[in-house]
Amino acid sequence: MAGAMPGGPGRRGPVGIIGAGPAGARAAELLAAGGWEVLLFDPKAPWEKPCGGGIPAHGFIHFPELRELEGRGRWARRARLIGPDGAELVVETGAPILLVDRRILSAYQLGRAEVAGARRVRCRILDVTRAEHGWRLSGDDGRAYDVAYLIGADGATSRMRRLLAPDFRPRLTPTRGRFVPVGAGADPEIVVWFPPDFRGYVWEFPRGRMWSVGVCHLDHGVGKSRLEGVLGEHVAARGGSMEHRVYGHPIPLPNPGDYDRPEWFGGEDWALCGDAAALVDPISGEGIHHALRSGQLAARALLETGSLAAYRGFLAAEVLPELRKAAEYASRFYERGFVEALLRVCGRGRRMRGVLADVMTGLQSYRTLRLRTAWAYVLDGFPAPSTLVPLVKFFR
């Protein structure tokens, strides 16, 4: 039988949204507030997600309501970067980064969506098929749900992506980590270590209640034992213990050319958002801002045009160019000698350090990064001339 509620007076839809994370909950809130009937499918939200949990400064520019969470997280205004050679650089971020447990963020967004009028359905969608007026969704509760529009926001290993865009196969890069309880007086400093001969990094994020300590590698297929070894080396050097709750999750990163295929991100009556669409910064792995933004753009398409056809155009104009440039730089970031040169030049140049701080907080676009870096390098008086060659190779 069909499980969807009939639309109420003046309400359009229904829209089926799979996944109540940042992208799905954002789209659900905006659409429900705009008069659409919304079914938000998620069997377990709100949940804790194994990630850094950082909301960068530019997130508050686009989503100022997130400041309501500041009393439930920690503001980090300083980051300590450790290079492959052991050299350290402390960066004062200026604009702070809010570190918050993902369960708290998830509950907050889900609550806003439900208050706006979205109907939460606690089931997992196992299959989607075309129906006379849209889509029929088959849930693990044995029911079928008929919807006119479908938004897939079900994470890195998205079932919706496999069903709706089977040729879209982002790389799922591995992570391993630990959740460590945080004391109330813990120093809210972000730590990032770039191990030698390792295309990835180790992070420490002192979130609201738990310290997220983890490692990621940007190549698919790296084994758990190698990740555990690198993480254990870092934790031991910091005087910590690996005897804490273990986590691991994939980070979806695009293959070359993926961002040039907008048809993989949506159609007239469907869209992929957030991690399901691999909308993740390929250098930092940050995805919360892009998830929120994509959910917002999917809602905007329906609210403004009555169709999801415009979504991929919005995405191609407002999100994909930045991620495409980031992917170009990511391929060079871990070339031998670059991170060491970056930390050295930023340590000696105030303006260069400011550029790095703005990249970390999302205030500096990758598309204008080369020009600003060139001016900063000149105005800083050509600090550490030996770094010029690695920088030129990075921006080539």
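All of the points below concern the structure found in this document. (Residues numbered from 1 in each chain as written. Predicted model: local features only at pLDDT ≥ 70, side-chain atom pairs only at ≥ 80, totals over all residues. Heavy atoms only, no water.)

### Structural notes on the sheet that holds strand β10 (residues 149-152)
Ordered in space as β6-β2-β1-β10-β18, the five strands form an open sheet in which the pairing is parallel. Pairing within the sheet leaves two strands with one partner each, and these edge strands are β6 (119-121) and β18 (270-272). On average, each strand axis in the sheet is inclined to that of its neighbour by 20 degrees, with strand direction left out of account. Two strands pair when backbone bridges link them, and strand β1 (residues 12-18) and strand β2 (residues 36-41) are joined in this way by five bridges, in the parallel orientation. Pairing of Gly16 across the sheet is with Leu39, part of β2. Each of β1, β2 and β10 touches helix α1 (residues 22-33); the most contacted strand, β2, lies at about 160 degrees to it. (Pairing = 2+ DSSP bridges. Helix = DSSP H or I, 4+ residues; strand = E, 2+ residues; numbered from the N terminus. Axes fitted to C-alpha atoms, helices over the stretch in contact; angles between N-to-C directions. Contact = heavy atoms within 4.5 Å.)

### Remarks on unusual backbone geometry
For the bond running from Ala45 to Pro46, omega is 0 degrees, close enough to zero to count as cis. If you trace the backbone, Pro46 turns up in the loop between β2 and β3 (54-55). We note that Asp197 has phi near 55 degrees; this positive angle belongs to a residue other than glycine. Along the chain, Asp197 falls in the loop between β13 (189-193) and β14 (200-206). In this structure, Ala278 takes a positive phi of about 55 degrees despite not being glycine.

### Some thoughts on the packing of aromatic side chains
Under the defined criterion, the tally for this structure stands at 19 aromatic pairs. Residues Tyr329 and Phe395 carry aromatic rings whose centres are separated by 5.4 Å and whose planes lie at 85 degrees to one another, so their mutual orientation is edge-to-face. Placement of the pair is Tyr329 in helix α8 (residues 320-333) and Phe395 in the segment after α12 (388-394), with a sequence separation of 66 residues. By relative accessible area, which is 11% here, Phe395 ends up buried. A ring pair is formed by Phe394 and Phe395, whose centres lie 4.9 Å apart and whose planes are at 85 degrees; its orientation type is edge-to-face. Pair check on accessibility: Phe394 and Phe395 agree, each one buried. Here the aromatic cluster, defined as three or more aromatic residues joined through ring pairs, consists of Phe194, Tyr201, Trp203, Tyr329, Phe333, Tyr334, Phe338, Tyr366, Phe394 and Phe395. Over the face of the ring belonging to Phe60 we find Arg67, whose NZ or CZ atom lies 4.9 Å from the ring centre. Positioned over the ring face of Phe314 is Arg300, at 3.8 Å from the centre of the ring. (Phe/Tyr/Trp six-rings, centres within 6.5 Å; stacked < 30°, edge-to-face > 60°. Buried < 20%, exposed > 50% of the residue type's maximum accessible area, 1.4 Å probe, protein only. Lys NZ or Arg CZ within 6 Å of the ring centre and 35° of its normal.)

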